[in-house]
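Chain residues, written in single-letter form:
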Amino acid sequence: QVQLVESGGGLVQAGGSLRLSCAASGFTFSSYDMGWFRQAPGKERELVAFISRSGGSTYYADSVKGRFTISRDNAKSTVYLQMISLKTEDTAVYYCAAGRGLGTITIIRTTSRYNYWGQGTQVTVSS
């Protein structure tokens, strides 16, 4: 049974930090590219950060570049999102997702190209 389980969300003040984790099971994690998406109320789900299956390639949305860092540990089947200098506009439900063969920026931004999704973890940044 495929599972992606996010953890690490919570309430933090603006300027603070959080580290999200996503533990995968039920599939060959090292064969999948991974993305972190977020969805704020009334908005579409958007890609925040992406990491290739080897960890050799990453991509960040402009809104988080320089503040968020995605990483993965294939031995632990886990992907991380380190978030610093958090802003109120970062408030959203954060989801991790797994996909294969995600080769272009357009594709990695497309939610339908991901095979597996977690249930999401809430991140709330207060002013």
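A. Quick peek at the side chain of R38. Within the secondary structure, R38 is located in strand β4 (residues 33-39). For R38, a relative accessible area of 6% gives the class buried. A polar atom in the side chain of R38 sits 2.8 Å from the side chain of E46. Reaching out from R38, the side chain makes a polar contact with the side chain of Y94 at a distance of 3.0 Å. Residues in contact with R38, not counting those within four places in the same chain, are E44, R45, E46, V48, S63, V64, F68, E89, D90, A92, V93 and Y94.

B. Region of the structure containing the state of the cysteines. In this structure the tally under the stated criterion is one disulfide. Paired by a disulfide, C22 and C96 hold their sulfur atoms 2.0 Å apart. Its S-S torsion of approximately 50° makes the covalent link between C22 and C96 right-handed. Linking C22 in strand β3 (residues 18-25) with C96 in strand β9 (residues 92-99), this pair joins segments that are 74 residues apart in sequence. Here C22 and C96 have matching classes, each one buried.

Each value, and the rule that gives it
Residues numbered from 1 in each chain as written. Predicted model: local features only at pLDDT ≥ 70, side-chain atom pairs only at ≥ 80, totals over all residues. Heavy atoms only, no water. Helix = DSSP H or I, 4+ residues; strand = E, 2+ residues; numbered from the N terminus. Buried < 20%, exposed > 50% of the residue type's maximum accessible area, 1.4 Å probe, protein only. Polar contact = N/O pair within 3.5 Å; in protein donor to acceptor, adjacent residues only side chain to side chain. Contact = heavy atoms within 4.5 Å. Disulfide = S-S within 2.5 Å.

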